[in-house]
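# Working through the structure, step by step
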Amino acid sequence: MNGSSPAVYTWLIPFLSVAHAACGDAGADPGGAGGTHRDSPDQASTSTSAVASSTSAGGDPDIWIPALETSWHWMIDHPLDLDDPRDMGLVDPTGAPIDSPPPTVYDIDWEYTTAETVAALHAMGAKVICYVDVGAFEDYRPDAGDFPESVKGNPDHHWEGSFWLDIRQIELLGPIMQARFQVCKDKGFDAIEPDEVDGYANDSGFPLTYEDQIAYNRFIADLAHGMGMSVGLKGDIEQAEDLWPHFDWTLNEQCFEYEECEILVDTFLANGKAVFEVEYDDPFSGHMTDRSQFCDQANAWGFNSMEMPLYLDGGRWPCR
């Protein structure tokens with residue numbers, strides 16, 4: 001635990017109250033993790049106003065909120081090299097030029113990124129999102145020793161050295177996540193991308209429920225807002241109907257591949273919140289969704305969609 005833990009616990013009390021209250025108003029059947037599409041995309045666009053809000057889900061008008069149409073880049077594989085066109089999203093992953101506006105938002109790793117890099121991106125007029133894993137323990141992170149054994153679960157088989165967390169233990173995980181978010185804040189990041197927020201739908205090693213995940217994800221959103229940063233719902237598309245009011249934007253992977261994008265139209269877009277979306281180009285893993293299969297629809301809906309390499313190690317193929 002961090003040395004400031006006693007103060008953190010006092011500060012966490014209102015957030016823990018909100019998180020526990022979430023268990024009682026999740027508004028969804030724990031057995032219905034697949035979600036329900038309430039309307040077609042066309043119905044959603046006409047039945048609900050899509051006027052962008054000037055304030056965050058946390059109610060702070062000073063928190064940065066991405067515009068509905070935002071050129072962005074996602075690179076979390078290694079420290080961002082400001083002089084590398086691939087790292088900066090100015091070319092495609094092969095190094096070939098792309099006919100798209102340069103990114104105005106960069107989503108990069110909390111540990112690998114320095115305050116100087118964030119300041120340099122700000123000087124270019126860009127906003128910067130801080131990628132942080134909040135639902136899995138990573139044994140290679142500098143704060144790995146802060147995680148008690150009781151919160152570590154089964155391996156997250158997608159990534160080496162990663163293990164699911166017992167998100168029910170907010171009193172133990174809260175101070176760790178607050179410390180990580182503080183690193184982001186101190187480095188000058190504008191927003192948080194919290195990853196691995198769907199442990200309840202995976203083989204975590206814990207009996208996590210739909211309501212447990214709602215409570216933890218709302219806690220994470222409140223934590224980011226309380227520190228003056230916007231926050232996106234990363235994945236967890238099955239809970240989008242319950243969580244969109246608490247998050248400022250969303251980042252989704254492969255909703256076209258899995259034919260589940262419409263819920264993002266009905267929730268985030270219908271309520272004036274940006275959708276960042278990625279399909280992967282990786283024939284070796286079985287993920288191979290060509291831009292010709294999704295970009296026209298993504299652009300029609302207003303998604304900020306891209307095709308990207310699976311390991312997010314530089315370069316992008318934006319849809320617009």
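So, here's what we can say about the structure. (Residues numbered from 1 in each chain as written. Predicted model: local features only at pLDDT ≥ 70, side-chain atom pairs only at ≥ 80, totals over all residues. Heavy atoms only, no water.)

Let's shift gears to the environment of L312. Within the secondary structure, L312 sits in the loop between β12 (304–308) and β13 (317–318). By relative accessible area, which is 5% here, L312 ends up buried. C-alpha separation for the pair L312 and D77, spaced 235 residues apart in sequence, amounts to 5.9 Å. If sequence neighbours within four positions are ignored, L312 has contacts with W74, M75, I76, D77 and Y280. (Helix = DSSP H or I, 4+ residues; strand = E, 2+ residues; numbered from the N terminus. Buried < 20%, exposed > 50% of the residue type's maximum accessible area, 1.4 Å probe, protein only. Contact = heavy atoms within 4.5 Å.)

Moving on: helix α4 (residues 170–187). Compared with an ideal rise of 1.5 Å per residue, which puts 18 residues at 26 Å, α4 spans 25 Å between its outermost C-alpha atoms and is within 8% of the ideal. For α4, the full list of buried residues reads I170, L172, L173, G174, P175, I176, M177, Q178, R180, F181, C184 and K187. Just beyond α4, the residue with positive phi is G188, at close to 100 degrees. (Expected span 1.5 Å × (residues − 1).)

One can describe the packing of α4 onto helix α5 (residues 210–226) by two numbers: an axis separation of 11 Å at closest approach and a directional angle of 35 degrees. Classified by chirality, the crossing of α5 by α4 is right-handed. Along the contact surface, α4 presents I170, L173, G174, M177, Q178 and F181, while α5 presents A215, Y216, F219, I220, L223 and A224. Considering only residue class, the contact of α4 with α5 consists of ten nonpolar, two polar and no charged. (Axes fitted to C-alpha atoms, helices over the stretch in contact; angles between N-to-C directions. Left-handed = near helix turned anticlockwise from the far one by under 90°. Nonpolar A, V, L, I, M, F, W, Y, C, P; charged D, E, K, R; others polar.)

Once that is clear, we can look at the sheet that holds strand β5 (residues 152–155). Within a sheet, each strand pairs with its neighbour through backbone hydrogen bonds, oriented either parallel or antiparallel. The strand order across the open sheet formed by three strands is β4-β6-β5, and the pairing between neighbours is antiparallel. Looking at the sheet topology across the chains shown, the edges are occupied by β4 (136–138) and β5. Pairs of neighbouring strands in the sheet enclose a mean axial angle of 40 degrees, with direction left out of account. Bridge count for β4 against strand β6 (residues 162–165) is three bridges, and the pairing is antiparallel. Paired with E138 across the two strands is S162, which belongs to β6. (Pairing = 2+ DSSP bridges.)

This part is about the state of the cysteines. All told, the structure shown has three disulfides when counted by the stated rule. In this model C130 forms its disulfide with C184; the gap between the sulfur atoms is 2.0 Å. Because the sign of the S-S torsion sets the handedness, a value of about -60 degrees for the bond joining C130 and C184 places this disulfide among the left-handed ones. Of the two residues, C130 sits in strand β3 (residues 127–133) while C184 sits in helix α4, which places them 54 residues apart along the sequence. Assessed through its relative accessible area of 0%, C130 is described here as buried. Classification of C184 by relative accessible area gives buried; the value is 0%. Sulfur-sulfur distance for the disulfide between C255 and C261 comes to 2.0 Å. Negative torsions about the S-S bond denote left-handed disulfides, and the value of about 95 degrees found for C255 with C261 makes this one right-handed. If you count the bonded cysteines of the protein chain from the N-terminus, they pair up as 1-2, 3-4, 5-6. (Disulfide = S-S within 2.5 Å.)

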